[in-house]
Amino acid sequence: MKRIVLSVCAAVALNARAEQSAGSQTSGADKTPRTVLDLPSTAENPRNSEGAFLPLSDGRILFAYSKFLGSASDHGRSVIAARESRDGGETWSADDRILAVHERDPQKGNVMSVSLLRLDAGRIALFYLRKDRTDRGIVTRIMMRTSSDEGATWSAARDCSEGLPAEYRIVNNARVLHLKEGRILIPLARHKATGKGDWDLEGPGTIFCLRSDDAGAPFSPEGAFVIDKAHPFLLLQ
């Protein structure tokens, strides 16, 4: 079983960065690690993992994470859940708010590995993986939702990997980047599934990025390369 334990240091660092960007100075912050949020596993919720933070415009901190229901497997049923802090990370909301479920199979499907970004024009973005079971094995889609009201509501999900071959893709949490010029980069690994089992993948894996110069519409692949052809079963992340 897996659990999430948040240290106050991460929240203090986010709060300090937000204040500094607004022109104020943060001094004297206690940097000693302290537990401020514990999300323990249970039989019904055996795993909480892969989270990301985002400072919101009104000073709140949004924390989103993968919440698994019934199984701790990487392919088990899960949702993207969220908590928020209104005091710089010292305390957190008591209940989960669900940000995303598997759009095609909400009762069994897997969504995980969230990233949060602030875009231009007052929008924020939520990225996560959605796993679809096919006759070729598990195919991973990279989904994106946006919010214009600081996460109160979210748009319908859009597939950033649309048009790409059906593959098993890996994007770890908090990895999506928003560059100064506005470009969005999604670094990922891809593997071909054989259809013989959930983890039966053809090697070697390939590393590349998805790129968007238009706030996520559309994404195109860039810079694919194989890490190590001498190890055909190397699982890349």
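Residues numbered from 1 in each chain as written. Predicted model: local features only at pLDDT ≥ 70, side-chain atom pairs only at ≥ 80, totals over all residues. Heavy atoms only, no water.

Colleague: Pulling in residues and values, what's your account of the packing of aromatic side chains?
Modeller: This structure, assessed with the given rule, holds 5 aromatic pairs. For the pair F53 and F63, a centre-to-centre distance of 4.8 Å together with 35 degrees between the ring planes defines the contact as tilted. Of this pair, F53 sits in strand β3 (residues 47-55) while F63 sits in strand β4 (residues 61-68), and the two are 10 residues apart along the sequence. Its relative accessible area of 24% is what places F53 among the partly exposed residues. Ring centres of F63 and Y65 lie 5.6 Å apart, and the angle between their planes is 15 degrees; on these two criteria the pair is classed as stacked. A relative accessible area of 1% means that Y65 is categorised as buried. Its end group placed over the ring of F68, R47 keeps NZ or CZ at 4.2 Å from the ring centre. Of note, R190 hangs over the ring of F208, and the distance from its end group to the ring centre comes to 4.4 Å. (Phe/Tyr/Trp six-rings, centres within 6.5 Å; stacked < 30°, edge-to-face > 60°. Helix = DSSP H or I, 4+ residues; strand = E, 2+ residues; numbered from the N terminus. Buried < 20%, exposed > 50% of the residue type's maximum accessible area, 1.4 Å probe, protein only. Lys NZ or Arg CZ within 6 Å of the ring centre and 35° of its normal.)

Colleague: Hey, could you go over the pairing of β4 for me, with residue numbers and the actual values?
Modeller: Burial within β4 is extensive, with 8 of its 8 residues counted as buried. Strand direction decides the pairing type here: β3 and β4, joined by 7 bridges, are antiparallel. Paired with P55 across the bridge in β4 is I61. Between β3 and β4, which follow one another and run antiparallel, lie 5 residues, and G59 among them has a positive phi close to 100 degrees. As paired elements, β4 and strand β5 (residues 78-85) share 8 bridges and run antiparallel to each other. Counterpart to A64 in the pairing with β5 is A82. (Pairing = 2+ DSSP bridges.)

Colleague: So what's going on with the pairing of strand β7 (residues 110-118)? Which residues, and what values?
Modeller: Among the 9 residues in β7, 8 count as buried, and that is most of the element. In this structure, β7 lies alongside strand β8 (residues 124-134), joined through 7 bridges in antiparallel fashion. Looking at the pairing, S115 lines up with F127 of β8. Hairpin connection from β7 to β8: 5 residues lie between these consecutive antiparallel strands, with A121 at a positive phi of about 60 degrees.

Colleague: Tell me about the sheet that holds β8, and name the residues and values.
Modeller: Judged by pairing direction, the sheet is antiparallel, and its 4 strands sit side by side in the order β7-β8-β9-β10 without closing on themselves. Single-partner strands in this sheet number two, and they are β7 and β10 (158-159). In terms of strand pairing, β8 meets strand β9 (residues 137-147) through 11 bridges, oriented antiparallel. Along β9, the bridge assignment pairs F127 with M144.

Colleague: Give me the lowdown on the confidence of the model for the chain, citing residues and values where you can.
Modeller: Summarising the model, the chain shows a mean pLDDT of 84, and 77% of its residues fall at 70 or more. A low-confidence stretch, residues 9-13 stays under pLDDT 50, and its non-local contacts, those more than four residues away or across chains, total 10 contacts. (pLDDT = per-residue confidence, 0-100. Contact = heavy atoms within 4.5 Å.)

Colleague: For the pattern of salt bridges, give the residues involved together with the corresponding values.
Modeller: Per the stated rule, a full pass over the model turns up 17 salt bridges. Here E103 makes a salt bridge to R130, at a shortest N to O gap of 3.2 Å. Within this pair, whereas E103 is found in the loop between β6 (97-100) and β7, its partner R130 is found in strand β8, the two being separated by 27 residues in sequence. Residue classification places E103 among the partly exposed residues on the basis of a relative accessible area of 31%. Of the residues examined, R130 reaches a relative accessible area of 6% and is grouped as buried. Bridged by salt links that share partners, the residues E103, R104, R130, D132, R141 and R145 form one connected network. (Salt bridge = Lys/Arg side-chain N within 4 Å of Asp/Glu carboxyl O.)

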